[in-house]
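Coordinate analysis (summary)
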Amino acid sequence: YFTPPLDMPALEQRIRHLTHLPEQEAYRVLIVDDDAQLAEHYRLVLLASGIDSQVVADPSQVLEVMHTFQPDVVLIDINMPGCSGPELARVIRLDEDWLRVPLIYLSVETDAHRQALALAQAGDDFLCKPISDEALSSAMLARAKRSRQLSAALDRDSLTGLMKHSAIKEMVEVEIARARRSGAAVCVAMLDIDHFKSINDTYGHAVGDQVIRRLANLLKQRLRRVDHVGRYGGEEFVAVLPSCTLEDAYRVIERMRQHFQELECVAGPKTFHATFSAGVASMNTRDTTEMLLDAADLAMYRAKRGGRNRVVK
Ligand code: GH3
Ligand code: MG
Ligand code: MG
Ligand code: MG
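Reference entry: report on the structure contained in this document.

Quick word on the nonpolar core
Counting 33 residues, the largest nonpolar core has I193, V211, L215, L219, F237 and F276 as its most contacted members. Elements with a contribution of two residues or more to this core: β6 (186–193), α8 (196–203), α9 (205–222), β8 (236–242), α10 (246–262), β9 (265–267) and β11 (276–282). It is α9 that provides the largest number of residues to this core, a total of seven residues. Setting aside chain neighbours within four positions, we find V211 in contact with I193, F196, I199, F260, C265, F272 and A274. One finds V65, V74, I92 and V101 within the second-largest nonpolar core, a separate group that totals 22 residues.

This is the structure in structure tokens:
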């Protein structure tokens with residue numbers, strides 16, 4: 001079993017991004033330009049607006065730098081030795097991780113036809129050199145802000161506002177990495193609403209949605225600030241509980257179970273109660289994200305088989 005080296009700056013940034021900590025971190029712009037002097041000028045201009053930027057002169061290093069720097073926007077020169085801006089933009093676009101990052105050309109190219117050709121290959125917009133300091137910083141601020149908003153929305157499930165499947169899975173990975181480093185424990189809980197199909201069949205899909213939201217809200221309100229929760233599937237949730245022993249995690253989820261079964265769900269004139277089954281698992285030193293999630297899933301199925309409305313650790 002091989003543990004890849006941890007890229008902690010990137011992980012920490014992902015944590016902040018996924019958890020939306022209130023203290024807004026500075027926007028990050030990656031400047032790809034072979035003109036070192038000009039690029040440094042751009043960097044200082046952006047810095048004056050509170051934007052962090054990093055300069056890369058060699059296009060072949062861009063992907064690696066993007067991974068650690070996690071830019072909100074990439075600003076790309078068109079004419080560079082070794083690789084043109086549009087060629088670079090196409091390579092970046094091949095990586096699904098960067099689908100949401102705007103790629104903006106900044107070039108002396110003023111010919112509209114050639115600009116259009118560049119945009120047809122890849123890239124999202126075109127800025128012309130020379131550009132005023134003010135125009136550059138306002139364009140980058142606007143783009144970075146939009147990019148962050150979009151990114152946050154893409155990671156959220158629209159019904160519940162919780163993290164989506166991919167985001168919560170990534171959170172498990174991030175917390176495992178952090179736990180390996182600190183030696184602290186981390187637990188994962190998998191929750192699944194009981195007989196949800198019959199809730200839908202009896203009361204309708206809209207009431208079913210309401211039940212999903214009730215459980216989501218309960219989890220949001222009752223978990224600690226350091227915990228993370230996501231909607232893993234239709235009526236399935238995953239909670240990540242850092243610095244938590246298996247016993248603690250069991251108690252937390254068990255309390256949640258008791259609260260949930262007491263909530264009154266309303267369907268027109270009728271009321272009913274819903275329940276969930278849950279499995280809790282803790283990380284062993286050799287656990288990967290998949291192994292930890294599988295262990296929680298297995299425990300959850302034991303809870304189902306054991307009669308539902310229970311937590312198994
Ligand atoms: P079990 O106790 O074994 O978990 O039984 P179950 O009926 O909950 O399990 P099953 O996985 O068979 O059914 C889940 C149902 O959830 C099937 C699907 O139609 C429904 N579902 C999935 N997503 C949504 C959603 O967003 N809204 C609503 N209302 N229903 C959903
Ligand atoms: Mg150039
Ligand atoms: Mg299910
Ligand atoms: Mg279910």
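Remarks on the site of ligand 1
In the vicinity of ligand 1, 16 residues are found, and the nearest of them are H195, F196, D209, R231 and R308. The separation between an oxygen atom of ligand 1 and a polar main-chain atom of I193 is 3.1 Å. R308 is positioned with one of its side-chain polar atoms (N or O) 2.7 Å from an oxygen atom of ligand 1. Notes on ligand 1: free accessible area 660 Å², of which the protein chains cover 66%. Counting only elements with at least two residues in the shell around ligand 1, the list comes to β6, α8 and α9. With four residues, α9 is the single largest residue contributor to the shell around ligand 1. Taken together, the residues that form the shell around ligand 1 break down as three nonpolar, five polar and eight charged.

A look at the pattern of salt bridges
For the structure shown, the criterion picks out 19 salt bridges. Residues E40 and R43 are paired through a salt bridge, measuring 3.0 Å at the closest nitrogen-oxygen approach. Of this pair, E40 and R43 both sit in helix α2 (residues 36–48), three residues apart, which is roughly one turn of that helix. Judged by its relative accessible area of 32%, E40 is partly exposed. Exposure remark for R43: the relative accessible area of 25% places this residue in the partly exposed category. Between K313 and E247 there is a salt bridge whose closest N-O contact spans 3.0 Å.

Quick notes on the rules
- Residues numbered from 1 in each chain as written.
- Chains lettered and ligands numbered in written order.
- Predicted model: local features only at pLDDT ≥ 70, side-chain atom pairs only at ≥ 80, totals over all residues.
- Heavy atoms only, no water.
- Core = buried A, V, L, I, M, F, W, Y, C linked by side-chain atoms within 4.5 Å.
- Buried < 20%, exposed > 50% of the residue type's maximum accessible area, 1.4 Å probe, protein only.
- Helix = DSSP H or I, 4+ residues; strand = E, 2+ residues; numbered from the N terminus.
- Contact = heavy atoms within 4.5 Å.
- Near = heavy atom within 4 Å.
- Polar contact = N/O pair within 3.5 Å; in protein donor to acceptor, adjacent residues only side chain to side chain.
- Areas by Shrake-Rupley, 256 points an atom, 1.4 Å probe, with all protein chains shown as cover.
- Nonpolar A, V, L, I, M, F, W, Y, C, P; charged D, E, K, R; others polar.
- Salt bridge = Lys/Arg side-chain N within 4 Å of Asp/Glu carboxyl O.

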